[in-house]
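Residue-level structure breakdown
Read off the chains here:
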Amino acid sequence: MSSSIDPFDAPLIRLGRAYVASGSKAEGLAAYRRAVEEDPEAYPGYLLLGLEACAAGEWEEAFRRFVAVVERAPALAEGYQNLGVVYWHLSDPASALRCWEKALSLKPRCPEALVNLSTAHMDAQRYDEARACLERAIAVSPHAAAPYNNLGVSFALSGQAHEAATCFERAVSRDTSYAAPLRNLAHLYWHKGQQHEAQHCLNQATVARRQEAVSLAGFQLLMPLAACNDDDVPEDAYEPDDGGLRVYDLDVEPV
């Protein structure tokens with residue numbers, strides 16, 4: 001019986017993640033770079049450097065790192081998923097769409113790719129396709145806020161305000177740190193003439209920790225989400241770790 005080796009268990013990778021988790025990002029990045037230098041064919045160092053580049057908005061650097069990931073691990077869904085995030089931010093939605101579809105062909109239960117793909121569909125006004133992706137994401141990660149928030153946006157843009165409000169409330173109940181679903185609820189309340197309720201939601205959104213978002217027709221989408229191939233994370237934990245790397249909102253919210 002063969003035993004599999006976790007590529008994230010390499011000493012320099014573990015050291016780098018420990019540094020990043022403790023707030024010593026510079027030391028963590030240095031450890032990841034050393035890991036890449038010492039074993040240039042292993043993908044974790046490139047993946048983690050790409051995630052940090054995403055968090056800093058350094059999209060060209062992230063592109064270079066994730067291309068290295070897919071070259072070294074072509075069967076890894078997260079590589080294509082994250083490359084799609086970069087393409088989206090580089091204003092190449094067609095390439096982003098292809099990457100997310102490739103990620104899902106490799107890992108049909110990848111929630112980040114499902115949420116991101118739904119946003120591409122919504123951006124093209126394909127609301128039924130967007131909802132299908134989001135319902136799959138919810139089935140995989142029922143405790144995550146982002147799928148419910150974005151599902152609410154799809155309902156709102158289809159004129160189904162009641163269903164939209166229900167989804168936004170479910171998103172808030174799952175994670176109060178996101179401002180996007182609170183702003184979306186405020187948007188709905190305001191248009192219904194419920195100014196007091198709208199202002200209450202806006203006040204809550206102001207103090208929410210996660211303010212990033214992308215706008216679509218007045219609503220706030222959480223995307224794109226990045227993912228990390230980390231077996232230590234429970235399946236129902238939507239974000240891979242506590243590094244603050246996952247959510248960028250669409251204002252027109254990357255593994």
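Keep in mind that this is a model prediction, so the values were computed, not measured.

Comments concerning the overall build of the protein chain
- Scanning the protein chain for helices and strands turns up 12 helices and 3 strands.
- Each of the 255 residues in the protein chain was classed as buried or not, and the buried ones make up 54%.
- Carbon together with sulfur atoms contributes 51% to the accessible area of the protein chain, which is approximately 11800 Å² in total.

So, the nonpolar core
- Residues Tyr32, Tyr43, Phe66, Val69, Trp100 and Leu185 are the most contacted members of the largest nonpolar core, which totals 72 residues.
- Those residues in contact with Tyr32, other than ones at most four positions away along the chain, are Ile13, Gly16, Arg17, Val20, Gly45, Leu48, Leu49 and Glu52.

Quick look at the packing of helix H4 (residues 59-72) against helix H5 (residues 77-89)
- Taken N-terminus to C-terminus, the directions of H4 and H5 make an angle of 155°; their axes are 9 Å apart at the nearest point. Relative to H5, H4 is oriented roughly antiparallel. Here H4 runs over H5; the crossing is left-handed. From H4, Trp59, Ala62, Phe63, Phe66, Val67, Val69 and Val70 reach across to H5, where they touch Gly79, Tyr80, Asn82, Leu83, Val85, Val86, Tyr87 and His89.
- For the contact of H4 with H5, the residue count by class is 12 nonpolar, 3 polar and no charged.

Cut-offs used in this document
- Residues numbered from 1 in each chain as written.
- Predicted model: local features only at pLDDT ≥ 70, side-chain atom pairs only at ≥ 80, totals over all residues.
- Heavy atoms only, no water.
- Helix = DSSP H or I, 4+ residues; strand = E, 2+ residues; numbered from the N terminus.
- Buried < 20%, exposed > 50% of the residue type's maximum accessible area, 1.4 Å probe, protein only.
- Areas by Shrake-Rupley, 256 points an atom, 1.4 Å probe, with all protein chains shown as cover.
- Core = buried A, V, L, I, M, F, W, Y, C linked by side-chain atoms within 4.5 Å.
- Contact = heavy atoms within 4.5 Å.
- Axes fitted to C-alpha atoms, helices over the stretch in contact; angles between N-to-C directions.
- Parallel < 35°, antiparallel > 145°, perpendicular 65-115°, else oblique.
- Left-handed = near helix turned anticlockwise from the far one by under 90°.
- Nonpolar A, V, L, I, M, F, W, Y, C, P; charged D, E, K, R; others polar.

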